[in-house]
Protein chains: 2
Amino acid sequence: MLTQLKNLMTDIPKAIEEIKALNASASSDPADLIMYSLDATKVKHKPDVVVFPQSTKEVSDLIKICAKYKLPVTPRGAGTGFAGGSVPIKGGVALVMTKMNRLLNLNKDALYVEVEPGIVNGELGAYLAKENLFYPPDPASLKSSTIGGNVATGAGGPRAVKYGVTGDYVMGLTVVLANGEVLKTGIKTEKGVVGYDLKKLFVGSEGTLGVITEIRLKVVPLPPAVITATAVFEKRDDAVNAVTKILGAGLRPRTLEYIDRTAIECVEKFIKAGLPANADAMLLVETDGRQEDAIKEMQAISEICKNAESFEIASGVKEAEAQWKTRRSISASLQRLRPKKLNEDITVPRNKISKLMERVDELSKRVGLPIICFGHAGDGNIHVNVMHNDNDKESETALKAVDEIFDITIELDGTISGEHGVGLAKMPYIGKELGKTAIDISKALKKTLDPDNILNPGKLFPST
Amino acid sequence: MLTQLKNLMTDIPKAIEEIKALNASASSDPADLIMYSLDATKVKHKPDVVVFPQSTKEVSDLIKICAKYKLPVTPRGAGTGFAGGSVPIKGGVALVMTKMNRLLNLNKDALYVEVEPGIVNGELGAYLAKENLFYPPDPASLKSSTIGGNVATGAGGPRAVKYGVTGDYVMGLTVVLANGEVLKTGIKTEKGVVGYDLKKLFVGSEGTLGVITEIRLKVVPLPPAVITATAVFEKRDDAVNAVTKILGAGLRPRTLEYIDRTAIECVEKFIKAGLPANADAMLLVETDGRQEDAIKEMQAISEICKNAESFEIASGVKEAEAQWKTRRSISASLQRLRPKKLNEDITVPRNKISKLMERVDELSKRVGLPIICFGHAGDGNIHVNVMHNDNDKESETALKAVDEIFDITIELDGTISGEHGVGLAKMPYIGKELGKTAIDISKALKKTLDPDNILNPGKLFPST
């Protein structure tokens, strides 16, 4: 088995010259190089050139040049990722897919939509809603993140608890491979078992196996009604137990978000939502479907939450938005607590959420840094935020705490990333979760599909 | 790119001697060699030896010997497949997984179950039902087919329309690779995006990439109620349109089975179920969930089916079973029509089912053979049965008709196999569906994971 990926050697100036001759959008403008050197993490690395392709053919032609010169090429969407996956850490081409943002075809009867990767998640959602259709995956970045980025990272979101994640909706892909060949894979039907399921290999591969240039997504009828409610608990364990009971009863809320005490306190200071001072945890719950069904399901949930201090069902869109405001204000309000944070999207089996919280509490006290937990309790995906001041000592302590959080997560049968991906941020830690054989096999598949390691090099797997 | 898989050369007697020395279950008894030379198709080929492993270690040790001698090894479960996937067409080892049939662990809170591959689908279902849990995928063979076979083929079933297929439930796998190494892949959580999704690559790979020895499956709470109904239509198109309308309205019946006129006539002769003589098509529909929800959903479906000649809701388990008897008697009763059949599980987008039926009618008249359509209309997966007498001329005509059915299917954006798999039966046809690049990439992945082509050789991809 392969244990080390090839290093790159290339004549960069000549390659760039050829790229510019081919594609008029290619830019070495310093402003572009800076703009496309980063994502939502703090890691930066400038590309040598930025290209904005407009078709599969343009991507294919470009990749052929990159292959010839062994020039790294890092595809990216809106750059909202939390793992550094789209940072061109080895230079080369930043391949910005945002101009390939057309909706190609909507098949309302067969319930699928075909799009280019640069289309923004929320814009697709708005378009589909007008047609009474629904594409459920809703990463927090949905107002700016692209479907291509969502597919490349296997993005999740609050609705995953009922509707699943991005990969569950991918029916087909067009992918430009590392040699410039164009692969079409997938089906236009609900089922299909002809050959290996190649599309699933590209979902979540973070641009390391090919450049996605067209995407066929399953859509579902738009649920006519959504009911939103907030339950406030005096005891954290009651909130966590309610989550297990709700799902164990066969109820399928479309979101089941958890917010811990410290997050509630921060938000309260920030937006003064009138949350009770003695709240230890909150659940933000949504049901959907036909109006009467959604109401009845919410009633059943409220019965399970009977030991909550309060259970408030939003009376309309306005009240629902107010409830969501609390959830959405967490990230911004945490900054008042400490200026810096390390945000990890670990996931544990639902029945281990309480244990996780206990361990994180203990860690927080021991290292003397606030650690805030909130997120998608319905599927065990908890965003753990280690808050710290901007100095070397606290930064180092925070990093050590994250390392320990990953150990705790693995010990509790969890995964170190539920939806953000590995990129650069989690690369040093994947050995905690994946065995040697899994890593060897993954590297061997990478080498098969990208023998010269030009596609998003320096990501996912540590080189040694 | 690789275009041809390696041929095998081996010292078979020496390899078998070594296998027998290692594993006491190894048998060259002629009865065993015949028993494990076939599946539910008519294709047969004897293995050189049959082995019944009892642990992952036993499989690993065996595969190491096979790797050393380049001896083919074909894993199999109950042999209920319709594609010849488990026929040891190149001889070597028939690796019978049915003795590895233990339920290893049920986690009722995190909602997953860990099993060995030899456990029978229906037995797992019965066990889970006692725990108020549910594993939805229900291939017609569920009383005998194994979960390992279901995973290896990516099996579907009537409930796929609501609950998805086998692959949607696979959370993790233990796989013995072609060199005997043991790969553990997957998660114990609802979500996870660390590294490539290797488990998905093995689902539906039909034993060509590794031998699955442990499986972690997601389970869901058992729906407390199931409502069954049969709608009989005088016009086929009304039945097909009802399917599109039901799903377009956001209703989620758990089965939506279609039965055509000829199938109804055959079944009527066979079991005298009292079906109306003027019926052109039937739908067998089930809803599930809490009793009142399932009833209400069925009422909504009956409203959509208002131009059906009859819509009969079963009043209890007994009546429901009577309705299912019609569906389940089709295969047996078709034999009265003609002694032989070619049964293909093509799938088209739901909105193309009517068009498919028209084209199949035309073909049936043109070639002079009855072609019966029934199956999972909810997901467009129609079982098309070309009936013929047992003579060379009709056999040849039937084969040509199948070829044309595949062409029609592809033309209608469909897939030539919705749930049976490729195996040997569909191997000559995969070029109709998959492009050259997809096949090249698939073969390259196969070569990476199984360089000497010892795992179920001679399957999936034609060698030239």
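See the structure above.
Please read all numbers here as calculations on a predicted model, not as lab measurements.

Trainee: Hey, could you go over the overall build of chain A for me, with residue numbers and the actual values?
Mentor: Check the secondary structure of chain A and you find 16 helices and 17 strands. On C-alpha atoms alone, chain A measures out to a radius of gyration of 23 Å, which is about the 23 Å that the 2.2 N^0.38 rule sets for 464 residues. Projected onto the principal axes, the alpha-carbon positions of chain A cover approximately 65 × 60 × 40 Å. In chain A, 73% of the contacts between residues at least 6 apart in sequence involve partners at least 24 apart. Surface summary for chain A: the accessible area is close to 17600 Å², and the carbon and sulfur share equals 51%. Side-chain charges of chain A comprise 60 positive and 59 negative groups, with the mean position of each set lying 2 Å from the other.

Trainee: Can you tell me about the relation of the copies chain B and chain A, naming the residues and giving the values?
Mentor: Between chain B and chain A, the superposition needs a rotation of 180 degrees and an axial shift of 0.0 Å, giving an RMSD of 0.0 Å. These values place the two chain copies in the arrangement generated by a two-fold rotation axis. The residues that chain B uses at the interface reappear at the interface of chain A in 100% of cases, marking a shared surface.

Trainee: Quick one: what's the story with the packing of helix α13 (residues 353–367) of chain A against helix α14 (residues 392–411) of chain A, residue by residue and with numbers?
Mentor: Residue and element names in this part refer to chain A. α14 packs onto α13 with a crossing angle of 160 degrees between their chain directions and a minimal axis gap of 11 Å. Between α13 and α14, the angle falls in the class roughly antiparallel. Classified by chirality, the crossing of α14 by α13 is right-handed. In this structure, α13 contributes L356, R359, L363, R366 and V367 to the contact, and α14 contributes T397, A401, E404, I405, I408, T409 and E411. Taken together, the residues of the contact of α13 with α14 sort by class into six nonpolar, two polar and four charged.

Trainee: Outline the sheet that holds strand β7 (residues 170–176) of chain B, supporting the account with residue identities and numerical values.
Mentor: Residue and element names in this part refer to chain B. On the basis of which strands lie adjacent, the open sheet formed by five strands has the order β4-β5-β9-β7-β8 and antiparallel pairing. Looking along the sheet, the strands with just one partner apiece sit at the ends: β4 (103–107) and β8 (182–186). Recorded for the sheet is a direction-independent mean angle of 10 degrees between the axes of neighbouring strands. Two strands pair when backbone bridges link them, and β7 and strand β9 (residues 211–218) are joined in this way by six bridges, in the antiparallel orientation. Among the inter-strand pairings, G172 is bridged to a residue of β9, identified as R216.

Trainee: Before we move on, could you go through unusual backbone geometry and cite the residues and values that matter?
Mentor: Residues and elements named next belong to chain A. Although it is not a glycine, D413 sits at a positive phi angle of roughly 65 degrees. Take D413: it is sitting in the loop between α14 and α15 (430–433). Look at D413 and you get partly exposed, because its relative accessible area is 22%.

Trainee: Kindly report on the interface of chain B and chain A, identifying the contributing residues and their values.
Mentor: Tallying the contact residues gives 81 residues for chain B and 81 residues for chain A. A combined buried area of about 6100 Å² lies between chain B and chain A, and 63% of that area is made up of carbon and sulfur atoms. The largest contributions to the chain B side of the interface with chain A come from B:K191, B:V194 and B:Y196, which together make up 16% of the buried area. The tally of links from chain B across to chain A stands at ten salt bridges. Among the ionic pairs, B:D293 bridges to A:K296, the shortest N-O distance being 3.0 Å. Ranked by the residues each element gives to the side of chain B that touches chain A, the list is headed by helix α16 (residues 436–449) of chain B, at nine residues. Grouping the constituent residues of the side of chain B that touches chain A by class yields 33 nonpolar, 28 polar and 20 charged.

Trainee: Summarise the packing of helix α16 (residues 436–449) of chain A against α16(B); cite the residues concerned and give the values.
Mentor: Close contact between α16(A) and α16(B) brings their axes to 10 Å; oriented N to C, the two are set at 140 degrees. Taken as axis vectors, α16(A) and α16(B) run oblique relative to one another. The chirality of how α16(A) crosses α16(B) is right-handed. For the pair formed by α16(A) and α16(B), the contact residues are A:I441, A:A444, A:L445, A:T448 and A:L449 on the first element and B:I441, B:A444, B:L445, B:T448 and B:L449 on the second. Its residues assigned to classes, the contact of α16(A) with α16(B) shows eight nonpolar, two polar and no charged.

Trainee: Tell me about the sheet that holds strand β11 (residues 225–233) of chain A, and name the residues and values.
Mentor: Backbone hydrogen bonds hold the strands of a sheet together, and the pairing may be parallel or antiparallel. Residue and element names in this part refer to chain A. In space, the seven strands of this open sheet follow the order β14-β11-β13-β12-β16-β17-β15, with antiparallel pairing throughout. Sheet topology places β14 (310–313) and β15 (340–344) at the edges, where each strand pairs with a single neighbour. The mean angle between the axes of side-by-side strands here comes to 15 degrees, regardless of whether they run parallel or antiparallel. Of the strand pairs in this sheet, β11 and strand β13 (residues 281–289) are connected by nine bridges, and their pairing is antiparallel. Within β13, the residue paired with F233 across the bridge is A281. Along the sheet, helix α8 (residues 236–248) contacts β11, β12 (255–260) and β13; its crossing angle with β12, the most-contacted strand, is approximately 170 degrees.

Trainee: I'd like a rundown of the pairing of strand β16 (residues 371–376) of chain A, residues and numbers included.
Mentor: All names here are of chain A. Taken across its six residues, β16 has six buried, putting it largely inside the fold. Bridge analysis of β12 against β16 gives three bridges, and the strand direction is antiparallel. Residue pairing across strands places I259 opposite F374, the latter belonging to β16. Inspection of the sheet shows β16 paired to strand β17 (residues 381–388) by six bridges, in the antiparallel sense. Across the sheet, the residue bridging to C373 is V384, located in β17. Between β16 and β17, which pair antiparallel and follow one another directly, the connecting turn spans four residues, one of which, G380, has a positive phi of 75 degrees.

About the thresholds
- Residues numbered from 1 in each chain as written.
- Chains lettered and ligands numbered in written order.
- Predicted model: local features only at pLDDT ≥ 70, side-chain atom pairs only at ≥ 80, totals over all residues.
- Heavy atoms only, no water.
- Helix = DSSP H or I, 4+ residues; strand = E, 2+ residues; numbered from the N terminus.
- Rg over C-alpha atoms; globule rule 2.2 N^0.38 Å.
- Contact = heavy atoms within 4.5 Å.
- Areas by Shrake-Rupley, 256 points an atom, 1.4 Å probe, with all protein chains shown as cover.
- Lys, Arg positive; Asp, Glu negative; His and termini not counted.
- Charge placed at Lys NZ, Arg CZ, Asp CG, Glu CD.
- Least-squares fit on C-alpha atoms with pLDDT ≥ 70 in both.
- Axes fitted to C-alpha atoms, helices over the stretch in contact; angles between N-to-C directions.
- Parallel < 35°, antiparallel > 145°, perpendicular 65-115°, else oblique.
- Left-handed = near helix turned anticlockwise from the far one by under 90°.
- Nonpolar A, V, L, I, M, F, W, Y, C, P; charged D, E, K, R; others polar.
- Pairing = 2+ DSSP bridges.
- Buried < 20%, exposed > 50% of the residue type's maximum accessible area, 1.4 Å probe, protein only.
- Buried area = accessible area lost by both parts, 1.4 Å probe.
- Salt bridge = Lys/Arg side-chain N within 4 Å of Asp/Glu carboxyl O.

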